[in-house]
Every structure is written in structure tokens, then in C-alpha cells.
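# Structural features, examined
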Amino acid sequence: MGVAVGDYDNDGDRDLFIAAGPLHDNVELFDTTTSYHARNIVQMNLGNGRFVNVSDRCSDGLAVKLSSRGAAFDDLDNDGDIDVVILNSRREPTILQNDSAPGNHWLEVRPRGVKTNRDGIGARVTIVSGDLKLVDEVHSGRSYQSHFGSRLHFGLGPSERIDRIEVQWLGGDRQVMEGLGVDRLLTITEETVSSR
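Residues numbered from 1 in each chain as written. Predicted model: local features only at pLDDT ≥ 70, side-chain atom pairs only at ≥ 80, totals over all residues. Heavy atoms only, no water.

### What about the environment of Ile 86?
The line we're drawing: Elements are defined by DSSP. Helices are runs of H or I of four residues or more, strands are runs of E of two residues or more, and each kind is numbered from the N terminus. When a residue's accessible area, from a 1.4 Å probe over protein chains only, is under 20% of the maximum for its type it is buried; when over 50% it is exposed; and in between it is partly exposed. The contact rule is simple, with two residues in contact once any of their heavy atoms fall within 4.5 Å.
Tracing the backbone through its elements, the reader meets Ile 86 in strand β8 (residues 83-88). What makes Ile 86 buried here is its relative accessible area of 0%. Here the alpha-carbon distance between Ile 86 and Ser 100, two residues 14 residues apart in the chain, equals 18 Å. Sequence-distant contacts of Ile 86, that is, excluding residues within four places in its chain, are made with Phe 17, Ala 19, Asn 40, Ser 68, Gly 70, Ala 71, Pro 93, Thr 94 and Leu 96.

### Concerning the pairing of strand β7 (residues 68-74)
Basically, it comes down to this: Between any two strands, at least two bridges found by DSSP are needed for them to pair.
Burial analysis of β7 places 5 of its 7 residues in the buried class, which makes it a mostly covered element. Relative to β8, β7 runs antiparallel, the two sharing 5 bridges. Residue pairing across strands places Ala 72 opposite Val 85, the latter belonging to β8.

### Description of the sheet that holds strand β15 (residues 174-180)
Selection criterion: Note on method: axes are straight lines fitted to C-alpha atoms, helices fitted across the in-contact stretch only, with angles between N-to-C directions ranging 0 to 180 degrees.
The antiparallel open sheet is built from 4 strands, whose spatial order is β12-β11-β14-β15. Each having just a single partner strand, β12 (132-137) and β15 make up the two edges of the open sheet. This sheet shows a mean twist of 15 degrees between the axes of neighbouring strands, independent of strand direction. Sheet topology note: the strand β11 (residues 124-129)/β12 ladder contains 6 bridges and is antiparallel. Along β12, the bridge assignment pairs Arg 124 with Glu 137.

### A look at the layout of surface pockets
Here is the rule: Only protein atoms enter the calculation, which uses a 1 Å grid: trapped sets of points that fit a 1.4 Å probe without letting it out are cavities, open sets showing protein on both sides within 12 Å along at least five of seven lines are pockets, and any residue with an atom within 4 Å of a point is a lining residue. Grid points are joined across faces, edges and corners, and a volume is the space filled by probe spheres set on the points.
Its boundaries defined by the atoms lining it, the largest pocket holds a volume of some 520 Å³. Every residue lining the largest pocket is counted, 21 residues in all, and those nearest its centre are Tyr 8, Val 42, Cys 58, Asn 98 and Ser 100. Broken down by secondary-structure element, the contributors of at least two residues to the lining of the largest pocket are β2 (15-19) and β4 (41-45).

### Quick word on the environment of Arg 90
Note on placement: Arg 90 falls in the loop between β8 and β9 (94-96). For Arg 90, a relative accessible area of 65% puts it in the exposed group. For Arg 90 and Ser 67, which are 23 residues apart along the polypeptide, the C-alpha to C-alpha distance reads 8.3 Å. In contact with Arg 90, not counting residues within four places along its chain, are Asp 25 and Tyr 36.

### Notes on the packing of aromatic side chains
Basically, it comes down to this: A pair of Phe, Tyr and Trp rings is counted when the ring centres sit within 6.5 Å of each other, with Trp represented by its six-membered ring. The angle between the planes then sorts it: under 30 degrees is stacked, over 60 is edge-to-face, the rest tilted.
With the rule as written, the count across this model stands at 2 aromatic pairs. With 6.1 Å between their ring centres and 40 degrees between their planes, Tyr 8 and Phe 73 make a pair best called tilted. Of this pair, Tyr 8 sits in the loop between β1 (2-6) and β2 while Phe 73 sits in strand β7, placing them 65 residues apart in sequence. In this pair, the class of Tyr 8 matches that of Phe 73, namely buried. The interplanar angle of 70 degrees and the centroid separation of 5.5 Å between the aromatic rings of Phe 17 and Phe 73 together place this pair among those described as edge-to-face. Here the residue Phe 17 occupies a position in strand β2, and Phe 73 occupies one in strand β7, the gap between them amounting to 56 residues. On the accessibility criterion, Phe 17 (2% relative accessible area) is buried. On the basis of relative accessibility, which here comes to 7%, the residue Phe 73 falls in the buried class. Put simply, the rings of Tyr 8, Phe 17 and Phe 73 touch in pairs and so form one group of aromatic residues.

This is the structure in C-alpha cells:
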């Protein structure tokens, strides 16, 4: 029910997280291929249009079997990787702290609206670093019973510098910045002068 793409290992390719769990608590009575309590799933993007299930290679947090519903994604501990909070049916939430191996770089962008809306909802951010081009947009909510916050997370792989960041604001204005560092949270405030 809670599904999201995000770069969980900061390699520049967006991976897939699936919060798993059927709706019916007696699902085993009519479907012998599943059960009410299930493991959540992480599918790693191989970068060639294919994904592979890496749940068994993740921490013991993915070994937990519950009936999961919504999942929210954000860098909760501000260490540069995406953590997960999972809403479970009839149980307490599960918090998965991402401690991926270091080495890949990242950038988090927090758009702050002035003329449009304060949280930058609708802002479209494009990052260019060498051959890598990544695009994301700020939404007011994503996935089932979830919200990802207003920070956009970009995994950059080995790239050590951002060549260009472009923000297309909901009102139509555009801002461009060049030559920025990595491994940090960058707050971009909407310019009050039109930059179309």
C-alpha cells in the first residue's frame, strides 16, 4: 500500500520501497500464497531498467513481519540518506534508520516559496552533475496515508560537485544556480524578482 521510489543508497538511481500487507486479516483462508503479516520489500535499481530484491541484504528492520500500510520517507537523522517510517495495521509504527555504506554523495534541496506558497509545493527541481540529470517535485502528500516532507533528496553517486540546479516554481518563475558543493541540505528561497 505504501510505495515510494527514492535513492536509498545514493548511487544516482532511484530504488523502490514497498510497505507490504494485505487488507484482510484472514487472507490465508482464501489465498495460500500470502499471509496477513508480511515483510516489507526494498528493490534496488540496477541502473539498466531492472530492479533486484535486496530486502535480505538490508538490516534486521526488514525482517519484521507486520501488516504494513502507509510509509513516509525523509532524512530523519540528517545524515544524508533516506529513512522510513511505516504505519502498521493495529500495531505501533516501524522506524527504519538507513545506515547505507558511505562513499556516495547526495544533496537535499528544500524550496521555500515567497510569491507562491511557503513550502514550495509544486516546485520542480532539476539537478545536473556531469552526465547525471535528476528531476523531482515537491508534493503536498505522497503514497497512502503518508507525506515525504518538503525536502527533495538526490543521490549523486561519486559526483563531488553540482554543475547546475534549476528550480521551476509553481508560479512559472525559474531560478538557476551553478557550481555548488554536495553532501548538504540546500534551502532555495524563491526570488522576489521574476527570473523567467
